[in-house]
Structure formats: structure tokens, C-alpha cells
Amino acid sequence: MIVRPLGVGLPYIAALPPEIYDPGRLDFVEVTPETLCRERRNGRVVTIELVPDQLERARRACGALPIVVHGVELSIGSAQGENAAYLDMLDAFQARWPFVWHSEHLGFQTIPGEDGTTLEVGVPLPLPATREAARLVAGRSAAIGARYGVPFLLENAAYYLSGLPADAEIGDDTGLLRAITERSGGFQLLDLHNVHCNAINQGTDPFAAIDGMPLGRVLEIHVAGGSWHDGFWMDAHDGRVPERVWTMLEYALPRTPNVAGVVFEVLEEHAVRLGVDVIAEELARARDIWRSCRRG
Amino acid sequence: MSLLDLQTAVGRLVRATDGHDPLRGLQLDPDERARLAALVERAGFRFTVDVQRSWCAGRAAGAAKLTLSLLPATERRRVLDDWVSAGGGTASFVATEADAFLEFIARRLRAPSHALTLCRFEQATLRASEGALGFAAPDPSWLAEPGWVLRTGRYAAVVRFHAAPHLVLAALEGQPLPPISPETTSVLFGPGLDGFSRLATSAEVALWERLGAPEALPVLIREGHRQEVIEALVTPGIVELAAT
């Protein structure tokens, strides 16, 4: 085992009643620190600062449950540079609230502006499956792993945009993750709903995609819900987990010997709409599968 | 094509560019341009653009709720569309998005109008609340020290209401707006004020307007601005001290 198995977790969502973060329902909490922050801009200098009240409220809600970090602002694949302000903020966060591991999304969301500034694209975009992308992200992943002294995981992306360039030796998004984890010694967050989305939208076999991942490096698994929009199955985190994703979880868990946690992801606005009882049912089902697969 | 060039091209193609050529300034050969042209024809690319615009409009709408709620539905949609087309809505942090979007809306509103007043009210409240995080009231004894100038606070504002403020604010709860009055009531906003705002006196408004450019304390006193008025604005961060 690379880290002690935690079990089943839920993102920290400030709008949910804090009673949901109960060890009777879940085993750990996934925190996105940016949701506890504000941004300050002074000319071209951008900083991300923790808001003490929000941090304290989150800590009170989570109690003694262990936490993992799931960031959204790093943009680890941006060729012009990752988000240094995010890492500076994460230094401060770790000093106040240590985490078992730290994850980010494999992709990019910033590009150079024409005046030398950084432009946010507004949505995360996939990386091309190239040696250059693999080298870039692997180097940054290794540095981040060393900086925080806990495992650093990259999440496989859901993408609608296909047809980006690819090097034959890398192949596709799965090959890109393999190449990055091999070079960096880093780990993977296997997002099964993203695999499900890509299988529907790109016409691929989700189970073959799982088999192609660096399964020995998977420490965390995400399950989530989505919905149809304009002919695409969207990674919307807006509802219950589809049956096929539960089946994929039953398939993936026995094949991921180092997996330490499963998280049910849901966006804040949808979490409030779904309510505590529905969320608790999804957590209970994830726990049943987790316990049954670990016994097997 | 390098990773940097590819990301710049794809990112610009996905971002709204307000009619400009998204590939301007990029050194792309004909093959690379042809590959990008094929990429944008894919349904997945078009859907990615739709998602980007939807997310950007959603961020902007959430960042300027009060002001947007006062606009007719068609105008609300138009201002959101125009903002996203101008490249807005991409900031992840609400306060950053809100300040820029409210400034964009303010430039389109008639002056004077209650809509413009409420837009400035929302912007000033957000700025003051941002400034309140970590705000510490300065010691006014520093005013006696040489080497300082006074300037308007970075998280402060004066908003002018063209009717009694409570009548204008009642419109946010569905009440009809009062007629525009030639008399104005000025409201100060600052990070150190209770509730971030209070009514301004004419002496305070005069000082605020005088500090459109930073000025040294002795000059202000010579001009007739009173020390107690200055201190009353420095303490809650409406006026700031800055090193010369």
C-alpha cells in the first residue's frame, strides 16, 4: 500500500448541512481549497488567499475526518506556465490543514495573452497526446510531489474536443497518463464518469480504457452523474451515478491494488437540489461496493 | 506545432474573440492552419465552445445578480452575450469577475439612472467586503508623520443616489423605482464601515472628490479640509495613506 486506505468520501460543499460529514456516512472529505479562497490582483501580480472564516467553517464541518485535496486552478498542462499562485496558496493550506494526498486535472485552462498576461480560457481543455506534453506535465508532477511530501494524483479528463495531434508512441489520453506517471513516479485519480463520458461521446470501450490506465498507480476513484446536452453526455456532476459507472467501479476496484478512496462528486448547486438523503444513498452504495471488493 | 502554439491557437478558438481573427500573430504554416480549420468543424469542438459560453455566462450572471435583476430580460441576455463575446466570464473567482462585469454594465447604463446607481452600489459593496477581509483600521496618528499622502481607498467608493436611497433599494424587492430627483444623496463605502456603507456629509464628499489625485495632508488642511473629517475617512479605509 502506498497510502492507508481511507474508504468512501464526499467533496466539501459549504451549502450542505455539516451533519452530512459524519463518520457514519463517509470516511474522508475531498476539499477544493480554491472554494475557500479569494483572488487578489495588484497589476499583473495575482495571489490566491485563504479566507480564514471559510477555512474555519470547513474545518468545523469536517471534524476529525481525514481530507484529501482536489484542485481546479493549477492548469498543470499550460505550456506557458502552471498557476504559481495556486501552489503558493496550497503551501499555506497544507500548513493549516494537512492532507493525505493532492490531485489535479490533466489539462490546461490558460493561454498567453497578446500583452504578456495570462488569459483564462473559461473551460479546461485536453492536452495533445504528445511527448512534449508528457515531458512537461511529468516534470511538474514530480516537483509537486516533492513539494508537498504526499502523493500527487492526476485526473483523467472528460473531453468533447477530439482530433488534437498525437505522437504514435503515446497514442491517446490513456497513453498520455501512462507516459506521465511512468516519467514522474506520480499517481492517478481514475475518474470513472469521465471514462464513461468519453466512451459515449468518442465511441470507445470504457472497460478497455480502464485496462489501459496505469492501474497500479491509481490511489483514488471518482464516480459522478451527468446528463445529455446537444447530443453529448456531459460531465455535469448534476445527479446520481449512472448504473454503468457503478458497474465500472465494480470492475476497477479489484484491478487497482493501491486504491485508497472512492469519492462521489456532485456540484454544489446540484447537491443542494438532490438533498442529503439522495447523497447518503449514493455514499452507501459506494461503501457497499468498496467493502465487497476489498473483501474479495 | 509546439505545445505552446497549439494551446494558444485552440484556446483562442474556443474563447470568444469578438470578431477578431483568433489566429492573428501566430506563426502557423498552411498545414497547421488546415488542421486547425478541420478541428473547428468537429461537433465536439462546437460543443466545447457552447460549454465555454454557457459557463462564462453563468459565472457572470452569478457575479452581478442585483444589477441584472433590474434589467429587462432581453437587455439582461444582451449584456451577458456581449460580455462573453468580449472575452468576459472566464475568471474563476467571483469577486474578480464581478468587479469587471459590473464596470462593463455601468458603461452601458444611462447617467443619471437608478440602474446605474444600483450597479455602482453592488460594485461598491463587493469591493468593500473584499477589502474587509484582513482590514485593520490604521492609526490616524500617522497623519502627523511626514512622507505620507492621502488617496481614495482601494476598497472604497462614493455612490450617488438620485432619490432617497431606501426608495431606490426597495426596487430590489420589487417595488417601483421613484422618479429621478435633481437632488442627490451620497453614500460612502469602505471596508471598515459597519455594513460597509453610511451616508456621506458634504465635507466628506468634497474631500473624496479632491482626492481624485493623491495629496499631502498639509495641502488639504490649507485648502480648508478639516482634520476630523480626514480622520473619519481614514479610519474605515475610505481614504488611505500612501508613501510619497
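The preceding data block contains the structure.
Draft legend 1. Just the overall build of chain A, in detail. The helix and strand tally for chain A stands at eight helices and 14 strands. Against the globule reference of 19 Å for 296 residues, chain A gives a C-alpha radius of gyration of 18 Å, in line with a compact fold. Considered along the principal axes of its C-alpha atoms, chain A spans approximately 50 × 45 × 40 Å. Sorting the 296 residues of chain A into buried and exposed places 47% on the buried side. Sequence separation of 24 or more characterises 73% of the internal contacts of chain A that already satisfy a separation of 6 or more.

Draft legend 2. Seen up close, the overall build of chain B. Along the backbone of chain B there are eleven helices and five strands. Here the C-alpha atoms of chain B give a radius of gyration of 23 Å, more than 25% beyond the 18 Å that 2.2 N^0.38 yields for 244 residues. The C-alpha extent of chain B, read off along each of the three principal axes, is 70 × 50 × 30 Å. The buried share among the 244 residues of chain B stands at 35%.

Draft legend 3. Quick look at the sheet that holds strand S9 (residues 152-155) of chain A. Residue and element names in this part refer to chain A. Strand order in the closed barrel formed by eight strands is S1-S2-S5-S6-S9-S10-S11-S14, with parallel pairing between adjacent strands. For this sheet the average axis-to-axis angle between neighbouring strands, irrespective of direction, equals 30°. As paired strands, strand S5 (residues 67-70) and strand S6 (residues 102-105) are joined by two bridges and run parallel to one another. Bridge pairing in S6 links Val 69 to His 102. Helix-sheet contacts for helix H3 (residues 131-148) involve S6 and S9, and the interaxial angle to S9 is about 140°.

Draft legend 4. Main features of the pairing of S6 of chain A. Residue and element names in this part refer to chain A. Burial along S6 is two-sided: the residues His 102 and Glu 104 and Ser 103 and His 105 are all buried. In terms of handedness, the path from S5 via helix H2 (residues 84-96) over to S6 forms a crossover that is right-handed. Pairing between S6 and S9: four bridges, direction parallel. Bridging across to S9, His 105 finds its partner in Glu 155.

Draft legend 5. The arrangement of the sheet that holds strand S3 (residues 185-189) of chain B in detail. All names here are of chain B. Overall, antiparallel pairing links the three strands, which are arranged S2-S3-S4 in an open sheet. The sheet terminates laterally at strand S2 (157-161) and strand S4 (197-199), the two strands that pair on one side only. Between one strand axis and the next, the sheet turns by 30° as a mean value, whatever way the strands run. Where S3 lies against S4, three bridges are found, and the strand directions are antiparallel. The residue of S4 that forms the bridge with Val 187 is Leu 199.

Draft legend 6. Inspection of the packing of helix H3 (residues 43-63) of chain B against helix H5 (residues 73-85) of chain B at higher detail. Residues and elements named next belong to chain B. Direction vectors running N to C along H3 and H5 enclose 120°, while the axes themselves pass 10 Å from each other. Overall, the two elements H3 and H5 adopt an arrangement that is oblique. Viewed along their axes, H3 and H5 form a crossing whose handedness is right-handed. Contacts between H3 and H5 pair Arg 53, Cys 56, Ala 57, Ala 60 and Ala 61 from the former with Leu 80, Trp 83 and Val 84 from the latter.

Draft legend 7. Representation of the environment of Leu 193 of chain B within the structure. Residues and elements named next belong to chain B. With respect to the helices and strands, the residue Leu 193 is situated in the loop between S3 and S4. Among the residues examined, Leu 193 registers 17 C-beta atoms within 10 Å and is labelled partly exposed. Along the sequence, Leu 193 and Ser 54 sit 139 residues apart, while their C-alpha atoms lie 37 Å from each other. Sequence-distant contacts of Leu 193, that is, excluding residues within four places in its chain, are made with Leu 188, Arg 198 and Pro 236.

Draft legend 8. Representation of the interface of chain B and chain A in the model. Counting from both sides, the interface comprises 32 residues of chain B and, opposite them, 31 residues of chain A. Those elements that place two or more of their residues in the side of chain B that touches chain A are helix H1 (3-14), helix H2 (30-40), H3 and helix H6 (94-108) of chain B. The residue makeup of the side of chain B that touches chain A, split by class, is 16 nonpolar, eleven polar and five charged.

Draft legend 9. A look at the packing of H3 of chain A against helix H4 (residues 173-184) of chain A. Residue and element names in this part refer to chain A. Interaxial distance between H3 and H4 falls to 8 Å at its minimum, and their mutual angle equals 45°. Here H3 lies oblique to H4, going by the angle between them. Two packed elements cross with a definite hand, and for H3 against H4 that hand is right-handed. Each of Ala 133, Ala 134, Val 137, Ala 138, Ser 141 and Ala 142 in H3 lies in contact with H4, whose residues at this interface are Leu 176, Ala 179, Ile 180, Arg 183 and Ser 184. Of the residues that constitute the contact of H3 with H4, the class distribution is eight nonpolar, two polar and one charged.

Draft legend 10. Quick look at unusual backbone geometry. For the bond from Ala 111 of chain B to Pro 112 of chain B, the omega torsion is -5°, close enough to zero to count as cis. Along the polypeptide, Pro 112 of chain B turns up in the loop between H6 and helix H7 (114-132). Positioned with a positive phi, His 237 of chain A is a non-glycine residue whose angle comes to about 50°. Exposure remark for His 237 of chain A: the 20 C-beta atoms within 10 Å place this residue in the buried category. Positive phi is not limited to glycine here, since Phe 196 of chain B has a value of about 70°. Among the secondary structure elements, Phe 196 of chain B is positioned in the loop between S3 and S4.

Cut-off values and rules
- Residues numbered from 1 in each chain as written.
- Chains lettered and ligands numbered in written order.
- Predicted model: local features only at pLDDT ≥ 70, side-chain atom pairs only at ≥ 80, totals over all residues.
- Helix = DSSP H or I, 4+ residues; strand = E, 2+ residues; numbered from the N terminus.
- Rg over C-alpha atoms; globule rule 2.2 N^0.38 Å.
- Buried ≥ 20, exposed ≤ 12 C-beta atoms within 10 Å, placed from the backbone.
- Contact = placed C-beta atoms within 7 Å.
- Pairing = 2+ DSSP bridges.
- Axes fitted to C-alpha atoms, helices over the stretch in contact; angles between N-to-C directions.
- Right-handed = clockwise from strand over helix to strand, strands pointing away.
- Parallel < 35°, antiparallel > 145°, perpendicular 65-115°, else oblique.
- Left-handed = near helix turned anticlockwise from the far one by under 90°.
- Nonpolar A, V, L, I, M, F, W, Y, C, P; charged D, E, K, R; others polar.

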